[in-house]
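Analysis of the macromolecular model
Spelled out from the first residue to the last, the chains are:
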Amino acid sequence: MAMTARQRAKTSLYVQAGIFVVAIAALLLATDWKTISANVFNFGRIGPMFPGIFTAGLVNTLIYTALGFIVGLSGGLLLALMKLSTFPLYRWIATGYIEFFRGIPALLVFIAFGYGVPLAFGVQWPIFVVVMVSLGMVAAAYIAETLRAGLQAVPKGQLEAARSLGMPQWRAMVTIIIPQAFKIVLPPLTNEIILLTKDSSLIYVLGLTASQYELTKFGRDGISSLGAGLTPLLVAGAFYLVVTIPLSLLARKFESRSARTKR
Amino acid sequence: MNDVETTNPGGTQTVHAAGVSIKDLRKSYGSNEVLKGISLEVRPGEVVCLIGPSGSGKSTLLRCVNLLEQPNEGAIQVGGFEATDPDVDIDKMRRKVGMVFQQFNLFPHLDVLRNCTIAQTKVLKRSQGEADKIAQANLERVGLGHLAKRFPDQLSGGQQQRVAIARALSMNPELMLFDEPTSALDPETVGDVLAVMRKLAREGMTMLVVTHEMAFAREVADRVVFMDGGVVVEEGVAERVIGAPQQPRTQEFLRRVLDPTHIEVAED
Ligand SMILES: Nc1ncnc2c1ncn2[C@@H]1O[C@H](COP(=O)(O)OP(=O)(O)O)[C@@H](O)[C@H]1O
Ligand SMILES: [Mg+2]
């Protein structure tokens with residue numbers, strides 16, 4: 001019996017779905033549900049995590065992310081402008097910085113500023129400074145590339161129009177070019193915040209006091225103290241999603257809005 | 001170059017008009033010499049139209065006058081300013097010179113009124129109230145007073161270009177440069193823009209206009225300058241340059257512009 005192309009495509013989809021269902025079922029059957037429920041879904045024992053996971057964990061994660069973003073945004077803007085400069089030295093410095101910090105794991109940066117700085121200079125920065133600097137410097141490298149693309153996407157005529165009205169270069173950048181660039185990069189910038197939110201978990205390598213715990217550290221602490229296996233980590237993960245999913249939706253909204261205004 | 005007060009015969013607007021004097025201007029991009037020694041005089045209150053084939057250097061010439069491009073050689077005077085003096089205050093000089101671009105270049109993140117006030121407040125340090133008043137008056141002048149609160153992307157091309165003219169006028173320029181102001185417009189909106197420019201010319205504004213609108217040039221221009229290959233080939237009163245061109249290259253160009261449906265077989 002010959003099938004039309006459409007029938008063949010449909011049959012192929014059914015077969016794919018069937019394979020997928022069978023694979024999931026096999027996985028579920030092979031799972032040791034008793035051990036899993038005692039070690040991963042043991043929600044009966046996580047009471048002590050509350051309200052601390054809100055008042056310290058979530059709040060600190062948000063604070064660390066915000067600090068990193070503020071430094072990252074300012075640093076990133078500076079680097080982006082340097083990278084577009086007509087002065088070669090600025091371009092080289094910016095390029096070197098961006099390649100370096102995008103090329104090494106963020107974890108190493110945390111260790112460098114958390115442990116390296118005290119060793120080298122004999123000063124122990126407060127933890128929020130370490131986070132601000134480590135997270136901010138890594139974020140700056142990524143945000144710089146995003147902003148550079150945004151600045152370049154502003155039509156050249158905009159700068160010319162601003163200059164022809166008598167605005168000095170810096171004034172034209174501040175009032176005309178940079179605001180338009182930010183509008184263009186709003187979606188990728190929101191995604192940077194999501195990455196930062198997750199990267200703020202790397203702070204766990206530093207010695208923290210309980211009031212400085214963010215979500216991941218809170219979860220890891222719960223693993224050792226609550227006897228509920230990995231369940232506390234699952235809870236921490238859920239809190240990350242509470243932050244990142246709305247941000248992701250926001251990014252998509254920005255995207256569709258700019259797609260609409262472009263026409 | 002002296003500034004003069006000129007008054008339009010039939011109206012009340014008074015324009016403080018500046019002249020332009022260009023001597024032996026040369027400009028190269030790399031090894032490509034685009035302007036090969038241009039000399040051009042625009043007297044205060046005069047309207048000069050620049051015509052010529054694409055790539056002949058018209059835009060480059062215009063952009064050298066307000067230093068969007070840096071000339072390699074030669075001298076340019078605008079109003080009292082020696083534009084080619086390395087010590088010239090470029091931003092101060094540019095305030096005297098309004099420029100209107102083919103692509104309008106309105107600021108899309110600002111509404112029409114803010115487009116016309118941003119440079120007033122940031123550059124001329126006028127108060128927001130004063131700037132608003134001046135901007136509104138200039139929007140009325142181009143017939144768009146009612147659109148002050150719109151954003152550029154809500155306007156037609158012709159409306160955008162008229163806003164761009166109002167934006168430039170709000171800085172009280174003494175000279176206006178137009179670079180093919182109607183070339184990017186739908187045909188039905190060209191007339192409104194030309195009408196505004198005609199009015200401006202009558203009010204005594206000094207204008208240097210790159211255009212392919214020969215009827216406009218013939219009617220409004222005091223003089224027409226034909227450029228080709230980076231040199232001035234022919235110049236004179238509009239009636240003569242457009243109506244009875246002397247140079248073969250001018251004749252050839254005008255034949256093509258005035259009769260675009262006339263088809264010639266390419267020779268190469
Ligand atoms: N920024 C630039 N870099 C290099 N070449 C340029 C640049 N701007 C213009 N040119 C060249 O200069 C010549 C004249 O250009 P233009 O002044 O725009 O001519 P027109 O306005 O008469 O069409 C063209 O050959 C063009 O390719
Ligand atoms: Mg041109």
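In the block above lies the structure referred to throughout.
Residues numbered from 1 in each chain as written. Chains lettered and ligands numbered in written order. Predicted model: local features only at pLDDT ≥ 70, side-chain atom pairs only at ≥ 80, totals over all residues. Heavy atoms only, no water.

1. Points about the overall build of chain A
Broken down by element type, chain A carries ten helices and zero strands. Start at the N end of chain A and walk to the C end: the helices and strands fall as α-α-α-α-α-α-α-α-α-α. Against the compact-globule benchmark of 18 Å for 263 residues, chain A has a radius of gyration of 24 Å, which places it well outside the compact range. In terms of overall dimensions, chain A has a C-alpha envelope of 75 × 75 × 30 Å along the principal axes. Residues counted as buried form 41% of the 263 residues belonging to chain A. The contacts in chain A between residues at least 6 apart in sequence include a share of 76% that link residues at least 24 apart. (Helix = DSSP H or I, 4+ residues; strand = E, 2+ residues; numbered from the N terminus. Rg over C-alpha atoms; globule rule 2.2 N^0.38 Å. Buried < 20%, exposed > 50% of the residue type's maximum accessible area, 1.4 Å probe, protein only. Contact = heavy atoms within 4.5 Å.)

2. Brief notes about the site of ligand 1
Residue and element names in this part refer to chain B. Taken together, Tyr 29, Val 34, Pro 53, Ser 54, Gly 55, Ser 56, Gly 57, Lys 58, Ser 59 and Thr 60 make up all the residues around ligand 1. Within the backbone of Gly 55, a nitrogen or oxygen atom sits 2.7 Å from an oxygen atom of ligand 1. Between ligand 1 and the protein, one listed contact pairs an oxygen atom with a side-chain N or O atom of Thr 60 at 2.5 Å. No other element matches the three residues that helix 1 (residues 58-65) contributes to the shell around ligand 1. (Near = heavy atom within 4 Å. Polar contact = N/O pair within 3.5 Å; in protein donor to acceptor, adjacent residues only side chain to side chain.)

3. Concerning helix 9 (residues 248-258) of chain B
All names here are of chain B. Within the span of helix 9, buried status applies to Thr 250, Phe 253 and Leu 254. Within helix 9, the buried residues cover an arc of 95 degrees as seen down the axis, which keeps them to one side. Summarising the geometry of helix 9, the exposed residues directed more than 90 degrees from the buried face are Pro 248 and Arg 256. Tucked into the core, helix 9 has its buried residues touching strand 5 (47-51), helix 7 (214-220), strand 11 (223-228), strand 12 (231-237) and helix 8 (238-243). (Arc of directions from axis to C-beta.)

4. Digging into a nonpolar patch on the surface
Residue and element names in this part refer to chain A. On the surface, a nonpolar cluster with roughly 700 Å² of combined accessible area is contributed by Phe 20, Ile 24, Leu 28, Trp 33, Phe 41, Phe 43 and Leu 234. Tracing the chain through its elements places Phe 41 in the loop between helix 2 (33-39) and helix 3 (52-83). Residue Phe 41 is classed as partly exposed on the basis of its relative accessible area of 41%. (Patch = residues over 30% accessible without salt bridge, like charges linked within 9 Å, V, L, I, M, F, W, Y side chains within 5 Å. Areas by Shrake-Rupley, 256 points an atom, 1.4 Å probe, with all protein chains shown as cover. Salt bridge = Lys/Arg side-chain N within 4 Å of Asp/Glu carboxyl O.)

5. Description of the sheet that holds strand 9 (residues 175-179) of chain B
All names here are of chain B. Sheet architecture is open: six strands sit in the order 8-9-10-5-11-12, paired in mixed fashion. The open sheet has two edge strands with one neighbour each: strand 8 (97-100) and strand 12. In this sheet, adjacent strand axes meet at a mean angle of 15 degrees when their direction is disregarded. Relative to strand 10 (residues 206-210), strand 9 runs parallel, the two sharing five bridges. If you follow Leu 177 over to strand 10, its bridge partner there is Leu 208. Its contacts with the sheet place helix 1 against strand 5, strand 8, strand 9, strand 10 and strand 11, and it is angled at close to 155 degrees to strand 9. (Pairing = 2+ DSSP bridges. Axes fitted to C-alpha atoms, helices over the stretch in contact; angles between N-to-C directions.)

6. Observations regarding the pairing of strand 11 of chain B
Residue and element names in this part refer to chain B. With respect to burial, strand 11 is a largely interior element, six of its six residues being buried. Burial along strand 11 is two-sided: Arg 223, Val 225 and Met 227 and Val 224, Phe 226 and Asp 228, pointing in opposite directions, are all buried. Where strand 5 lies against strand 11, four bridges are found, and the strand directions are parallel. Bridge pairing links Cys 49 to Val 224 in strand 11. For strand 11 and strand 12, the ladder comprises six bridges, and the chain directions are antiparallel. When the sheet's bridge partners are listed, Val 225 is paired in strand 12 with Glu 235. Here strand 11 folds back onto strand 12, and the loop between the two strands holds two residues, one of which, Gly 229, carries a positive phi near 60 degrees.

7. Let's talk about the interface of chain B and chain A
Contacts between chain B and chain A engage 24 residues on the former and 19 residues on the latter. Among the ionic pairs, Asp 91 of chain B bridges to Arg 163 of chain A, the shortest N-O distance being 3.7 Å. Counting every contact that joins chain B to chain A gives four residue pairs in polar contact (both at pLDDT 80 or more). Every element with two or more residues in the side of chain B that touches chain A is listed here: helix 2 (90-95), strand 8, helix 3 (112-122) and helix 5 (157-169) of chain B. Per-class residue counts for the side of chain B that touches chain A are 13 nonpolar, three polar and eight charged. (Nonpolar A, V, L, I, M, F, W, Y, C, P; charged D, E, K, R; others polar.)

8. Observations regarding the packing of helix 3 of chain B against helix 5 of chain B
Residue and element names in this part refer to chain B. Contact geometry of helix 3 with helix 5 gives a least axis separation of 8 Å together with a crossing angle of 30 degrees. Classed by the angle they form, the pair helix 3 and helix 5 counts as roughly parallel. Two packed elements cross with a definite hand, and for helix 3 against helix 5 that hand is right-handed. Where helix 3 abuts helix 5, its residues Val 112, Asn 115 and Cys 116 lie against Val 163, Ala 166 and Arg 167. For the contact of helix 3 with helix 5, the residue count by class is four nonpolar, one polar and one charged. (Parallel < 35°, antiparallel > 145°, perpendicular 65-115°, else oblique. Left-handed = near helix turned anticlockwise from the far one by under 90°.)

9. Some points on the side chain of Asn 138 of chain B
Residue and element names in this part refer to chain B. With respect to the helices and strands, the residue Asn 138 is situated in helix 4 (residues 128-141). Side chain to side chain, Asn 138 and Ser 170 meet in a polar contact 3.3 Å long. Setting aside residues up to four positions removed in sequence, Asn 138 forms contacts with Ala 166, Leu 169 and Ser 170.

10. Focus: the packing of helix 3 of chain A against helix 8 (residues 169-199) of chain A
All names here are of chain A. Two elements in contact, helix 3 and helix 8, have axes separated by 11 Å at closest approach and are oriented at 140 degrees. Of the possible angle classes, the one that applies to helix 3 and helix 8 is oblique. Two packed elements cross with a definite hand, and for helix 3 against helix 8 that hand is right-handed. Residues Thr 61, Thr 65, Gly 68, Phe 69, Leu 73, Leu 77 and Leu 81 of helix 3 form the contact with helix 8, whose own contacting residues are Met 173, Ile 178, Phe 182, Leu 189, Ile 193, Leu 196 and Thr 197. Split into classes, the residues belonging to the contact of helix 3 with helix 8 amount to ten nonpolar, four polar and no charged.

11. Things to note about the packing of aromatic side chains
Here the structure, examined in full by the defined rule, presents ten aromatic pairs over all chains. Between the aromatic rings of Tyr 213 of chain A and Phe 218 of chain A, the centroid separation amounts to 6.3 Å while the plane-to-plane angle is 90 degrees, which identifies the pairing as edge-to-face. The buried category is assigned to Tyr 213 of chain A, whose relative accessible area is 12%. You can call Phe 218 of chain A buried: its relative accessible area is 14%. An aromatic cluster of three or more residues is present, and its members are Phe 50, Phe 54 and Phe 239 of chain A. The ring centre of Phe 107 of chain B lies 4.5 Å from the NZ or CZ of Arg 167 of chain B, which sits over that ring. (Phe/Tyr/Trp six-rings, centres within 6.5 Å; stacked < 30°, edge-to-face > 60°. Lys NZ or Arg CZ within 6 Å of the ring centre and 35° of its normal.)

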